[in-house]
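# Architecture and fold: a report
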Amino acid sequence: MTKTAFITGASSGIGEAAAIALAKEGFQLVLCGRRQQKLTDLQEFLKHTKTHQLLFDVRNKEEVKNAINSLPEEFKKIDVLINNAGNAHGLDYFQDGNLEDWDAMIDINVKGLMYVSKEIIPQMIAREEGQIINIGSTAGKEVYPKGNVYCASKHAVDAINQGMRLDLNGTGVKVGAINPGLVETEFSKVRFKGDEEKATKVYEGFKALQAKDIADVICFVVTRPSHVNIADLTVMCTAQASSTLVDKN
Ligand code: NDP
Ligand code: 8X3
């Protein structure tokens, strides 16, 4: 029977690449995001795969609940949840930080991940199967200068990943994290509020990871036998040795 993957943040970057890679693996897909046109373009690109688009802001718990409840019958059974939606907002010394940026990062990267998971976990427990992949970051393992609140949000993802795995142990539901280093996506464009020049500079002078590299890892993780759970995986580009060794500014 065809498996369903539910991907948050499928409208660009890692989520979009994961959708393309999982389609090749034979999954049908629930593609989530806020940018309808991006999701529609992706659906068109994946026209040979069964897909369903869900538009919601992960910060809004009612929207999350209503969107998931609105899934058509053939997409309701979710085999794989990829908690990927997230971004950095700003790169400032803590003392110069912007409160709206802080709220956005905690609300999207942490609370959004929790709201989506809370809606989907019960059906997985009831079926005694399913898999949750939390997209963390090297920023969730090691803090870097000016990373403060983004790093805190990803450290929270690390803790939630561990907590979920402990609490779901014995239910048959697998929980694991993939923690990428620098990946060349729209991430820095969002971090620098649309400043393309600043965003491009982040990836200059070395070969950063590409979204497809992380999508390949996601495919590996979801195609392990049922008794194998990849609990926590960190992936960096060869040029990177720690979250602090590349100048992001
Ligand atoms: P992108 O900016 O390319 O993608 C971010 C995705 O998150 C978009 O699809 C966006 O969709 C979605 N998103 C953002 N805010 C919301 C929201 N409020 N509600 C719903 N969806 C939202 O970045 P990446 O692909 O790089 O990032 C994906 C994940 O990978 C994030 O969790 C990020 O922290 C993590 N990561 C990224 C790394 C990198 O260097 N790029 C490294 C390590 C981890 P839309 O705007 O349509 O809502
Ligand atoms: C994204 C990678 O190093 O810019 O999590 O924080 S980094």
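Residues numbered from 1 in each chain as written. Chains lettered and ligands numbered in written order. Predicted model: local features only at pLDDT ≥ 70, side-chain atom pairs only at ≥ 80, totals over all residues. Heavy atoms only, no water.

The name an unreviewed UniProt entry assigns to the protein is NADP-dependent 3-hydroxy acid dehydrogenase YdfG, from the organism Mesonia algae. Recorded in UniProt for the protein, the comment headed Sequence similarities (unreviewed entry) runs: "Belongs to the short-chain dehydrogenases/reductases (SDR) family." (UniProt positions renumbered as here; feature names shortened; annotations may be inferred.)

What follows covers the pattern of salt bridges. Taken as a whole, this structure holds 13 salt bridges when the rule is applied. Here K38 makes a salt bridge to E186, at a shortest N to O gap of 3.1 Å. On the criterion of sequence distance, the pair formed by K38 in helix α2 (residues 36-45) and E186 in the loop between β7 (183-184) and α6 (187-191) is long-range, its members being 148 residues apart. Classification of K38 as partly exposed rests on a relative accessible area of 30%. Close ionic contact of D101 with K193 constitutes a salt bridge, the shortest N to O distance being 2.7 Å. (Salt bridge = Lys/Arg side-chain N within 4 Å of Asp/Glu carboxyl O. Helix = DSSP H or I, 4+ residues; strand = E, 2+ residues; numbered from the N terminus. Buried < 20%, exposed > 50% of the residue type's maximum accessible area, 1.4 Å probe, protein only.)

For the rest of this paragraph, the subject is the packing of helix α4 (residues 99-127) against helix α5 (residues 148-168). Viewed as axis vectors pointing N to C, α4 and α5 meet at an angle of 15°, and their least axial separation amounts to 9 Å. Taken together, the axis directions place α4 and α5 in an arrangement best described as roughly parallel. For the pair α4 and α5, the crossing hand works out as right-handed. Residues W102, M105, I106, N109, V110, L113, M114, S117, I121 and I125 of α4 lie in contact with α5, whose contacting residues are N148, V149, Y150, S153, K154, A156, V157, I160, M164 and L168. (Axes fitted to C-alpha atoms, helices over the stretch in contact; angles between N-to-C directions. Parallel < 35°, antiparallel > 145°, perpendicular 65-115°, else oblique. Left-handed = near helix turned anticlockwise from the far one by under 90°. Contact = heavy atoms within 4.5 Å.)

Here we take up the site of ligand 1. The environment of ligand 1 is made up of 31 residues, and the closest members are S11, R34, N84, Y150 and T185. Within the side chain of D57, a nitrogen or oxygen atom sits 2.9 Å from a nitrogen atom of ligand 1. Note that an oxygen atom of ligand 1 is positioned 3.5 Å from one of the backbone N or O atoms of G181. Protein chains shield 97% of the accessible area of ligand 1, which is 880 Å² for the free molecule. Secondary structure elements with two or more residues in the shell around ligand 1: α1 (13-24), α5 and α6. Looking at the shell around ligand 1 residue by residue, the class counts come to 13 nonpolar, 12 polar and six charged. (Near = heavy atom within 4 Å. Polar contact = N/O pair within 3.5 Å; in protein donor to acceptor, adjacent residues only side chain to side chain. Areas by Shrake-Rupley, 256 points an atom, 1.4 Å probe, with all protein chains shown as cover. Nonpolar A, V, L, I, M, F, W, Y, C, P; charged D, E, K, R; others polar.)

This paragraph deals with the environment of A85. Checked against the element boundaries, A85 lands in the loop between β4 (80-83) and α4. C-alpha separation for the pair A85 and G140, spaced 55 residues apart in sequence, amounts to 15 Å. Setting aside anything within four residues of it in sequence, one finds A85 in contact with T8, G9, V58 and I108.

Glancing now at the environment of L29. Structurally, the position occupied by L29 is in strand β2 (residues 28-33). Judged by its relative accessible area of 0%, L29 falls in the buried class. Between the alpha carbons of L29 and Q43 there is a distance of 9.4 Å; along the sequence they are 14 residues apart. Once you skip the residues sitting within four places of it in the chain, L29 turns out to touch A5, I7, A19, L22, A23, L46, T49, K50, T51, H52 and F75.

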